[in-house]
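The primary structure of each chain is shown beneath.
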Amino acid sequence: MHRQIVRRAGAERETLWVLLAAGMILATATAAVGLRPAPEAEAPLAAHRIDSRTALTAAEQGLHADLKMAAAEIAALRKADGPSNGRAPSPAELAAQALPPFAADASAAARGGHAWTLAEAGGTVAYAGLSADPGTAGSLVLLLDGHDDDHGDGHGPGIWLKRAAEAPPARLDEASLAAAGWKRITSTFTAGVTR
């Protein structure tokens, strides 16, 4: 008589291989995460700079965005005026075109009620907004013609803030503004920022 042992159907061997593969994947992932270098610490901003993402009030963030857009519109208006003239439009002309933040509307009143003036000196065009409510949004200066900018590379507008109802100094350069307590609004972006 011939005896044959028949094993019952089971998945012990397959289960063992699946668990072993999962363990290897988990060990490899843990090693990869452990060996990854830590992100570099952010360099602190200079004393005369302020971060647009973290240090501005909601009203100031809105005004900052409006001023960046207004700078592009002002540049287009100056270009359309002709290369020989290139006159900067007055705040009243910008308000007549309903260009924020120069337009005197409900939004402007809710964001500090700034009174805008134009100053031109030595090729620098500046729009200064004196805040009626520094607790909501500080006074602002928009410098044009590439003398200042968000990233320090000389391309674009420079926007400065002072949380007081104070006009900017007569000289509109970085050293004079910083000495008078004004802070340049900068946009710093790190790997952790998702927008």
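The preceding data block contains the structure.
Not measured: the values here are computed from a predicted model.

> I'd like to hear about the overall build of the protein chain, residue by residue, with values.
Scanning the protein chain from terminus to terminus reveals 5 helices and 6 strands. Its helices and strands in sequence order give the protein chain the pattern α-β-α-α-α-β-β-β-β-α-β, from N to C terminus. With 195 residues in all, the protein chain has 32% of them scored as buried. Put simply, 53% of the contacts in the protein chain that link residues at least 6 apart link residues at least 24 apart. When the accessible surface of the protein chain is summed, it comes to about 12300 Å², and 60% of that surface belongs to carbon and sulfur atoms.

> Any chance you could break down the packing of aromatic side chains for me, citing the residues and the numbers?
Applying the stated criterion across every chain, the model contains 2 aromatic pairs. Following the ring pairs from residue to residue traces out a cluster consisting of Phe102, Trp116 and Tyr127.

> Outline the pairing of strand β3 (residues 124-130), listing residues and values.
With 6 of its 7 residues buried, β3 lies for the most part within the structure. With 4 bridges connecting them, β3 and strand β4 (residues 139-143) associate as antiparallel partners. The partner of glycine 129 across the bridge, within β4, is leucine 140.

> Would you mind going over helix α1 (residues 12-35) in detail, with residue names and values included?
Here α1 is 24 residues long and its end C-alpha atoms lie 35 Å apart, about the 34 Å a rise of 1.5 Å per residue gives. With respect to burial, α1 is a largely exposed element, only 0 of its 24 residues being buried.

> Help me get a handle on the environment of leucine 177, residues and values and all.
Mapped onto the elements of the fold, leucine 177 is located in helix α5 (residues 174-179). Placed 17 residues apart in sequence, leucine 177 and tryptophan 160 show a C-alpha to C-alpha distance of 8.1 Å. In this structure, leucine 177 is in contact with Leu143, Trp160, Pro168, Pro169, Leu172 and Trp182, ignoring residues within four places of it in sequence.

> So what about the side chain of arginine 78? Which residues, and what values?
Its place among the elements puts arginine 78 in helix α2 (residues 58-80). When near neighbours in sequence (up to four residues on either side) are disregarded, arginine 78 contacts Gly86, Arg87, Ala88, Pro89, Val125 and Asp145.

> Can you explain the pattern of salt bridges? Please cite residues and give values.
Two side chains with opposite charge may pair up if their charged atoms get near one another. All chains considered together, the criterion is met by 7 salt bridges. The residue arginine 111 makes a salt bridge to aspartate 66 at a minimum N-O spacing of 2.2 Å. Here arginine 111 is found in the loop between α4 (106-110) and β2 (115-121), whereas its partner aspartate 66 is found in helix α2, with 45 residues between them in sequence. Just as arginine 111 is buried, aspartate 66 falls in that class too. We note a salt bridge from glutamate 93 to arginine 87, for which the minimum N-O separation is 3.0 Å. For glutamate 93, a relative accessible area of 32% translates into the label partly exposed. Relative accessible area serves as the criterion here: at 40%, arginine 87 is assigned to the partly exposed category.

> Go over the nonpolar core, please, and point to the residues and values.
Ranked by internal contacts, the top residues of the largest apolar core, which has 22 residues, are Phe102, Tyr127, Leu140 and Leu142. Those elements that provide at least two residues to this core are α2, β3, β4 and β5 (158-162). Top element by residues in this core is α2. It accounts for 6 residues. Among residues more than four places away in sequence, those in contact with phenylalanine 102 are Leu67, Ala70, Ile74, Pro91, Leu94, Ala95, Trp116 and Tyr127. Among the nonpolar cores identified, the runner-up in size contains 8 residues, and Ala126, Val141, Trp160 and Trp182 belong to it.

> So what about α2? Which residues, and what values?
In this model α2 runs 33 Å from its N-terminal to its C-terminal C-alpha over 23 residues, within 8% of the 33 Å that 1.5 Å per residue would give. Burial in α2 covers these residues: Ala59, Glu60, Gly62, Leu63, His64, Asp66, Leu67, Ala70, Ala71, Ile74 and Arg78.

Definitions and cut-offs
- Residues numbered from 1 in each chain as written.
- Predicted model: local features only at pLDDT ≥ 70, side-chain atom pairs only at ≥ 80, totals over all residues.
- Heavy atoms only, no water.
- Helix = DSSP H or I, 4+ residues; strand = E, 2+ residues; numbered from the N terminus.
- Buried < 20%, exposed > 50% of the residue type's maximum accessible area, 1.4 Å probe, protein only.
- Contact = heavy atoms within 4.5 Å.
- Areas by Shrake-Rupley, 256 points an atom, 1.4 Å probe, with all protein chains shown as cover.
- Phe/Tyr/Trp six-rings, centres within 6.5 Å; stacked < 30°, edge-to-face > 60°.
- Pairing = 2+ DSSP bridges.
- Expected span 1.5 Å × (residues − 1).
- Salt bridge = Lys/Arg side-chain N within 4 Å of Asp/Glu carboxyl O.
- Core = buried A, V, L, I, M, F, W, Y, C linked by side-chain atoms within 4.5 Å.

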